[in-house]
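Chain residues, written in single-letter form:
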Amino acid sequence: MRNLWLVLLLAWPSWAQAGDPLQRLDPDLYGPGTLIAAMEELSTYSPAQAVAELLPLLGHEDIEVARTAAWLLRRMGRGPEGAQAAGTVLADGEASVASRLSAVRALGELRDSTASAALVTALGGNSDEALRVAAARALGQLHRPGAVDALTQALTADESETVRASAAQALGQVPDADGHALLSALQDSSASVRLEAIWSLARPSFAVLAGLDERLIELLQNDQNCRVQAEAAWALSGRGDQKVQAALEAARASNCRLAAQAASWAITTRK
Amino acid sequence: MAACQDPFPRKLNEELGFSSIVFAQRQPATNAGSLVAPQSFRPGGRLVWLDPATPTGKIIVLADLPAGDLYGHDVSADGKSVVASLRIDAHDRAHLYGIDLAIIAEGGSCFVANGDLGAACRRLTFGPTNDTRPTYLPDGRIAFLREDPQGQVDFQGRGRSRVLFAVEADGSHALRLDIGPGHSLGLGVTGEGQLQFNRWTLRQGVAQFLPFRSDLNAVAGPVPDGAALAVLPMAPQWDGQDELLAACVAALGTWAAGTVCRRNQEGQWEGIVPGLPMGAGCSPQGRVRDPFPLRDQRLLVSYATVPQGCLNTEDGDHGMIPDFGIAILDPQDGGRRPVFNDPQRADLQPRPVMARAIDEGQAGIVPQLPDCGQPGVTFAGFIMDAQQQVNSAAKRLRVLQGLSGKIAPWQMEIGGRTVGAVCGNGSGATVPIAADASFHFRAPADAPLRLQVLDSYGAAIDVDPQWRGGPDCARRTCSGCHAAATEAVDFDASLAAQSPPVDISDQGTQFSFDFKRDIQPILNASCNTAGCHDSETLAGNYVNLSGNLQGIDLTDEPAGRTSIAYRSLLSVDTIRNDSTGRILVSHRPYVVPGSARESRVIGRLGVPCRYDCDGQAPWADWAMGPGKTHPEDQAAWSGTLTDEQRWLLVDWIDAGAPFLGRGASP
C-alpha cells in the first residue's frame, strides 16, 4: 500500500496541472476554488492571453477570486488596465454590492497609482458602509501619497465606526500623513477607532510626534475600554522616559486585568 | 473503510490516557482548504472543552468569539493550560492567550465586559501583529508564527512574511527563531527536541515548500532538512516511534484536500490512510486535518465528509460544504470512531487534555545564547569552492539585508533575485576575505541577511542560497556551502580570527539604493543624450512586457510605479507564445537583478579592478574594456563613466537592482 501512495505522490503534479488553466477561468463554468487554482497556475508563466480573462474577474462576487486576479495582473505589469476595469465595476450603479466590494479590494491589490481617484470617490461618496470600509483599507494598501485628506475626512466625520477605524489604519500606511488626525482619533467614541489609532501612531514615522506620550498615558490610565488601555501600554513599551516608566508601573495595579498584564509585559520588554 | 458508527467508549482515560479534549469550532467553509488558509476570517468561532470526549459529553466554552475567530491552540505538557490564538472582532488582531483550565472548571471565564479578561485568561502578545498557530515547546515556552505589518513582505508580494517566534509562558522575551522571507508553516517539535518547520518561499524563481530544522533557541540557526516538498505537512507531531506525522495538504492551488502523512527515511512525506489521496484530487471518502498521535498508534483527528462528495478545490463549485467533526482514526485500515460533531460548525484541531511525558531527547539542555554585551550577530568561516578548496577569486563579501516593509513595502525579491540594502557604511562597504579564505564580521541582528562573494572587480561570483541571521550575540559559522553548517573548522587558527569582527551591524549606516537618486543621474550624463538612448533616438532595442520590440529609452520619465529608463533596463527580453506561454525568443535583459556579471549593460560598459588588484587584469575579462565599441568609451566621448560610477552600477545590480521610491513594485 505504501508503494501505491508513493506512485500517487509522484503523479500528483500532473493531476493538479491537467488541462489548460486558461480554459478554467470561466466563472460561468467554475467556482472560486477552481478559478483561484487556475490563476495561481498561470502565475508561473503569465501568458498575455490571460489578461482578457482576468479583467472581468476583478468584479467577481467572491472577493478572493477578485483579489487573486488583481495580484496576477499586477505581476504581469497590467496594473493600469486592471485599475480601469475595476474602476468601471465600482462606478456601475447596477453592479451588485458584492461585485463592487470585490472591485475595491482589487484596486488595493493592483497597487496602481490610477486606482487612488476611484477609491477616494468610493470612500467619500458612497452610502454603503462596507464599500467605504474597503475603500479606506485599499487606500492604505496603495501606500501612496494623496489620500490623506480623504482618509482624514473619513476618520473625523464618517458616522460608521468601522469606516473610521479603517481610515485610522490606512493613515498609518500612507507616507504623507502627519499624525495629527490620528492623535485626535485617540478621543473617538469607538474603542475600535482608538485601537487602530494607537497601532498606527506606534509606527516609526510618528516617533517624534509632540504630545503622543501624554495622550497614550492618558489612555492607559483613563480609557473605559481595557483593550485600549492594554494597547496604550504596548505602544508605550517602545517609548519615553521616566514619566512613561512611572505610568506603566502604576498600571500594574490597574483594575483592568488586561491592562495590568500589558503593563507588566511592557516593563519587561523595556528592560 | 471499517464501520464508522461505533460509539466511543466512555472510559477514555483507561484506554488512551485522557478523558476530555479541547478543540476549535469555526464557521463552515465552502471548501476544505480555506479552513487552513491563514488569512481566512470567519466570525463566530469558539474554543471548547469536551468532557468527557464523547458525542454526549459536556461542552464547556473556553472562549466565545461571536464576532471573532481563532487560529490554532495547544494544550500544555502538564495538561493544565491551553494557549490559543484568538481574534475578538474584525478590528482586532490575532493574539495569544493563556487559559487556565482549573479556573474554567470552577466557573471562571476568559472574556468579561469592557474588553477585559476574566480570571481564567492571560494575554501573552500585544500590538498590531497577527500571532497564530501556538505550540508549546518542551522547555515550557510557546512557539508561534508572527505576521508583522511592518515586517518583510512575502515573496509573492501578497502580504507580510510569517516568521517563527518563541515567548516565555507569560509572553515575555520574544525571540525570533526564523529569518527568511516567505511563510514559516507547519511548526512541530521532533523527538530530539528540535523544531521542525516548513518555509514557503521563492527559490531560483520557483515557489517551494522547504523543510528546516532548528534548535529551540535557533542558536545555530535553522538548517535545511531535506528536499523541497510537493505537499505541505501542517503541524507535524512526533508519534513516539521515531517518525513524524502531519496533515498533508496540497501545495499547489488552494490549500485544499488533506490526509495524514508520515515522513519516511528518505525525508519524503507519504500518505498513510487508505483511500485518502495526498494531493488536490477528488476524495469521496473525506479529508483529514490536525492529526494528534495517541498512545495506541491511532490518531485523534478532524475528519470531513460530504454526502456525495469529492472534497477538493471544487467543493464550492457544487454548493457542497464539508462537515468537519472529531474522530479517532486508525491509519491501518482507515476506520474511524466519531467522537463529536456539531453539524453547524467545523470542529477542528482536537487536542487531548492530559499530562504528556516529555521525551528524553526533548528534555535535553536547550542551547542558550551567550550574553556578549554587543548588538549584532557574528558570522565566521571560510569561503571554499565545491571541492573545499580556497577560492582564489573570492576577494570580498557583500552582506545584503532584506528590505523591511518600512523601506520598500512590496520589494523583497525580483524574479527570484534578492533585493536588499548593503550592510555597512556606503554602497561599496564589504568584508575582506583573508588569504586563507577566512572571514569574520558582525551584522545586524534579527534581520534576513544574504552573503555575496565578490571578485576583484566587486561583482558577485556566488550568492548564498539561504537567508541567514540571528538574534544579538548569536554566532553563525560555516566552512563552505558544501560542508557542515554548524561549526567552522579550525576557525580560531584562521587569519580572520586574529582580529575582531568587522562591524557592519549599525542599521543606520546601511545603504539602500534609489534608482532615481543613484542611477538615473549617471544615465542622464552618459546615456540619455542626444543621438543615443534619449526618447527620440532610442538606440538599441528590447522586447517589452507586451511582447513588442521597443527602442531603449533611458529618460527619467515615470512609467507606472517605476520609470521608462528602469523598465528599459529590466524588462525581460522574452517573446512567448500567447496561448501556451512557451518561450520563443529569449535574451538576457540589460540588467539582471542580483547579477552584474550576467547583465548586458555591465558587459558593454566594462569594470575596472577594485580590490586586491596586484596580479589582476586592470579590467574584468567578463566585460568590455576601455576603447571597445560602445560609444561611451570612445576617447572623444564627454560622458565617459568614472570608475566609481561603474562600481556603483555593479553594486546596484548585485543588490537586486531596486527601484525603491516608496511603493515601488516588482
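For every chain, the first residue of its written sequence is number 1, and the numbers climb from 1 along that sequence. Think of it this way: whatever chain is written first is A, whatever ligand is written first is 1, and the rest follow in order. Residue-level local features of this predicted model are given only where pLDDT is at least 70; pairs of side-chain atoms are given and counted only at 80 or more, and the full residue set underlies all totals for whole chains, interfaces and linings.

A look at the overall build of chain B
Logical step 1: Runs of E in the DSSP output that reach at least two residues are strands. Runs of H or I that reach at least four are helices, and both are numbered from the N terminus. Across its full length, chain B holds six helices and 41 strands.
Logical step 2: C-beta atoms are placed from the backbone for every residue, and two residues are taken to be in contact when these atoms lie within 7 Å. Partitioning the contacts of chain B with sequence separation of at least 6, the portion at a separation of at least 24 is 58%.

Focus: the overall build of chain A
Logical step 1: In terms of helices and strands, chain A carries 16 helices and zero strands.
Logical step 2: In this description the radius of gyration comes from C-alpha coordinates, and the expected globular size is given by 2.2 Å times residues to the power 0.38. On C-alpha atoms alone, chain A measures out to a radius of gyration of 23 Å, which is more than a quarter above the 18 Å that the 2.2 N^0.38 rule sets for 271 residues.
Logical step 3: Here a residue counts as buried when 20 or more other C-beta atoms sit within 10 Å of its C-beta, as exposed when there are 12 or fewer, and as partly exposed otherwise, the C-beta atoms being derived from the backbone. Expressed as a percentage of the 271 residues in chain A, the buried residues total 54%.
Logical step 4: Taking as baseline every contact in chain A between residues at least 6 positions apart, the subset at least 24 positions apart corresponds to 65%.

A short note on the domain arrangement of chain B
By a widespread convention, an interface's size corresponds to the accessible area lost as its parts come together.
All names here are of chain B.
Logical step 1: Parsing chain B into structural domains produces domain 1 (31–352), domain 2 (377–509) and domain 3 (515–654).
Logical step 2: Counting residues at the interface gives 18 residues for domain 2, matched by 18 residues for domain 3.
Logical step 3: Taken together, the residues of the side of domain 2 that touches domain 3 break down into seven nonpolar, seven polar and four charged. Those domain boundaries reflect an automatic or database domain assignment. Three residue categories are used. Nonpolar comprises Ala, Val, Leu, Ile, Met, Phe, Trp, Tyr, Cys and Pro, charged comprises Asp, Glu, Lys and Arg, and polar comprises the others, including Gly.

Some details on the sheet that holds strand β3 (residues 58–65) of chain B
Residues and elements named next belong to chain B.
Logical step 1: Paired strands are those between which DSSP finds at least two bridges. Strand order in this open sheet of four strands is β3-β2-β1-β24, and the pairing throughout is antiparallel. Each end of this open sheet is capped by a strand with a single partner; those strands are β3 and β24 (346–352). Recorded for the sheet is a direction-independent mean angle of 25 degrees between the axes of neighbouring strands.
Logical step 2: With seven bridges connecting them, strand β2 (residues 45–51) and β3 associate as antiparallel partners. Bridged to Val48 within β3 is Val61. Only C-alpha atoms enter the line fits that serve as axes; for helices the fit covers just the stretch in contact. Angles between N-to-C directions range over 0 to 180 degrees.

Considerations on the confidence of the model for chain B
Residue and element names in this part refer to chain B.
Logical step 1: In this model, chain B carries a mean pLDDT of 78, and residues with pLDDT of at least 70 account for 74%.
Logical step 2: Per-residue confidence from the predictor is given as pLDDT, running between 0 and 100. At the level of individual helices and strands, chain B shows its lowest average pLDDT in strand β27 (residues 413–414), which scores 42, and its highest in strand β6 (residues 95–100), which scores 97.
Logical step 3: A low-confidence stretch, residues 1–8 stays under pLDDT 50, and its non-local contacts, those more than four residues away or across chains, total 16 contacts.
Logical step 4: Low pLDDT (under 50) marks residues 251–255, which in the prediction has 24 contacts with non-local residues, meaning those over four places away or in another chain.

Concerning the sheet that holds strand β22 (residues 323–329) of chain B
Residues and elements named next belong to chain B.
Logical step 1: With antiparallel pairing, four strands are arranged side by side in an open sheet as β20-β21-β22-β23. With one partner strand each, in any of the chains shown, β20 (287–293) and β23 (336–340) form the two edges of the open sheet. Across this sheet, the average inter-strand angle for adjacent strands is 35 degrees, counted without regard to direction.
Logical step 2: Looking at chain direction, strand β21 (residues 299–305) and β22 are connected through seven bridges and run antiparallel. Paired with Thr305 across the two strands is Asp323, which belongs to β22.

Remarks on helix α10 (residues 161–171) of chain A
All names here are of chain A.
Logical step 1: Counting buried residues in α10 gives nine out of 11 residues, a clear majority hidden from the surface.
Logical step 2: Turning to α10, its buried residues number three or more, namely Val163, Arg164, Ala165, Ser166, Ala167, Ala168, Gln169, Ala170 and Leu171.
Logical step 3: Check the buried side of α10 and you find it contacts α8 (129–142), α9 (148–157), α11 (180–185) and α12 (191–201).

Some details on the confidence of the model for chain A
Atom-level detail of predicted coordinates should not be read off regions where pLDDT is low.
Logical step 1: In this model, chain A carries an average pLDDT of 87, and 93% of its residues clear a pLDDT of 70 or more.
Logical step 2: Long-range and interchain partners of residues 1–18 of chain A, a stretch whose pLDDT sits below 50, account for 23 contacts in this model, where long-range means more than four residues apart.

A short note on the pairing of strand β8 (residues 130–136) of chain B
Residue and element names in this part refer to chain B.
Logical step 1: Within β8, seven of the seven residues are buried, which leaves the element mostly enclosed by the surrounding structure.
Logical step 2: Pairing of β8 with strand β9 (residues 142–147) involves five bridges; the strand directions are antiparallel. In the sheet register, Thr135 faces β9, and the bridge partner there is Ala143.
Logical step 3: Where β8 folds back onto β9 in an antiparallel hairpin, the turn is made up of five residues, including Gly140, whose phi is positive at roughly 95 degrees.

Section: the packing of helix α5 (residues 79–91) of chain A against helix α6 (residues 97–110) of chain A
Any two packed helices are characterised by how steeply their axes cross, that is the angle between the axes, and by the distance between the axes.
Residues and elements named next belong to chain A.
Logical step 1: In contact at an axis separation of 8 Å, α5 and α6 are set at 155 degrees when each is read in the N-to-C sense. Relative to α6, the element α5 lies roughly antiparallel. Considering how the two elements wind past one another, α5 and α6 form a crossing that is left-handed. Residues Gly79, Gly82, Ala83, Ala86, Gly87, Val89 and Leu90 of α5 touch α6, and the partners they reach there are Ser99, Arg100, Ala103, Val104, Ala106, Leu107 and Leu110.
Logical step 2: The residue makeup of the contact of α5 with α6, split by class, is nine nonpolar, four polar and one charged. In what follows, roughly perpendicular refers to angles from 65 to 115 degrees, roughly parallel to angles under 35, roughly antiparallel to angles over 145, and oblique to any angle outside these ranges. Left-handed describes a crossing whose near helix is turned anticlockwise from the far helix by less than a right angle; the clockwise case is right-handed.

With respect to unusual backbone geometry
All names here are of chain B.
Logical step 1: Each neighbour pair has its own omega, and for Asp51 with Pro52 the value is -5 degrees, a cis peptide bond.
Logical step 2: Within the fold, Pro52 resides in the loop between β2 and β3.
Logical step 3: Despite not being glycine, Gln349 has its phi angle at roughly 50 degrees, a positive value.
Logical step 4: On the secondary structure map, Gln349 appears in strand β24.

Some details on helix α4 (residues 63–75) of chain A
Residues and elements named next belong to chain A.
Logical step 1: The span you would expect from a helix comes to 1.5 Å times its residue count less one. Taking 1.5 Å of rise per residue, 13 residues should cover 18 Å, and α4 covers 18 Å from first to last C-alpha, within 8% of that figure.
Logical step 2: Of all the positions in α4, only Val65, Ala66, Arg67, Thr68, Ala69, Ala70, Trp71, Leu72, Leu73 and Arg74 are classed as buried.
Logical step 3: Those residues of α4 that are buried are in contact with α2 (32–42), α3 (51–57), α5 and α6.
Logical step 4: Once α4 ends, the next one or two residues include Gly77, with phi positive near 75 degrees.

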